[in-house]
Amino acid sequence: MPDRVPSDHPSVESVRAELVRAGRTDRPRVAVPADAADLVPEGEVVRLVLDGTERFARVAARMGDDRLELRGAHDTPDDARDPGSGSDRLGDWQDAHGVRFGGAVLLDVVEAGYKYGLRAPGERAVYDAGRPDSSLADIARDLDG
């Protein structure tokens, strides 16, 4: 059973990020400040926990500035790589928490390069920490393609 860590635990770094629009659309993205860019791996798909449910987000350079962004919150890694193929749950999270575009959100670094959590300011979350057994991760990666 994985360890459980709260968002206010010393091992969890919280970064103040911004909920932004994807271009001129109403699709939300999480813009990570430039001074925290080393905490998220550009070009990778990472786990993103929303209200206790693990989703997947692709990390990419943000057009127009020097920030990185987490693009969506998808059900599978494949959906995160090809966002048109599945549902993006980030808009639902935005609606449920009443966060407006341009508003602050907290990105919790549960394990840099692997797992992050998203929460509205003033909220607390608890995360499952740790990575799966490497042999299980290798099998999953092989199945995922």
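First, a word on what this report is: a plain description of the structure on this page. (Residues numbered from 1 in each chain as written. Predicted model: local features only at pLDDT ≥ 70, side-chain atom pairs only at ≥ 80, totals over all residues. Heavy atoms only, no water.)

## Re the overall build of the protein chain
For the protein chain, the helix and strand inventory stands at three helices and nine strands. Counting only residues that meet the buried cut, the protein chain has 41% of its 145 residues in that class. Carbon and sulfur atoms form 46% of the exposed surface of the protein chain, whose accessible area is close to 8000 Å². (Helix = DSSP H or I, 4+ residues; strand = E, 2+ residues; numbered from the N terminus. Buried < 20%, exposed > 50% of the residue type's maximum accessible area, 1.4 Å probe, protein only. Areas by Shrake-Rupley, 256 points an atom, 1.4 Å probe, with all protein chains shown as cover.)

## Remarks on the side chain of aspartate 108
You can see aspartate 108 is positioned in strand β7 (residues 104-111). Non-local contacts of aspartate 108, meaning those with residues more than four positions away in its chain, are made with Ser7, Val12, Glu13, Ser14, Lys115, Tyr116, Gly117, Arg119 and Tyr127. (Contact = heavy atoms within 4.5 Å.)

## A short note on the sheet that holds strand β5 (residues 53-61)
In space, the seven strands of this closed barrel follow the order β2-β3-β6-β5-β4-β8-β7, with mixed pairing throughout. When strand polarity is set aside, the average angle formed by the axes of neighbouring strands in this sheet is 40 degrees. In the packing of helix α2 (residues 90-97) onto the sheet, the strands contacted are β2 (13-21), β3 (28-32), β4 (45-50), β6 (68-74), β7 and β8 (115-119), and the crossing angle to β3 comes to about 85 degrees. (Pairing = 2+ DSSP bridges. Axes fitted to C-alpha atoms, helices over the stretch in contact; angles between N-to-C directions.)

## Considerations on the pairing of β3
Burial analysis of β3 places five of its five residues in the buried class, the great majority of the element. Across the two faces of β3 the burial is the same, with Pro28, Val30 and Val32 and Arg29 and Ala31 all buried. Sheet topology places β2 next to β3; four bridges connect them, and they run antiparallel. Among the inter-strand pairings, glutamate 18 is bridged to a residue of β3, identified as alanine 31. Taken together, β2 and the strand that follows it, β3, pair antiparallel across an intervening segment of six residues, in which glycine 23 is found at a positive phi of about 60 degrees. Note that β3 and β6 share three bridges and pair antiparallel. Bridging across to β6, valine 32 finds its partner in leucine 68.

Everything listed is a geometric property; what it means functionally is a separate question.
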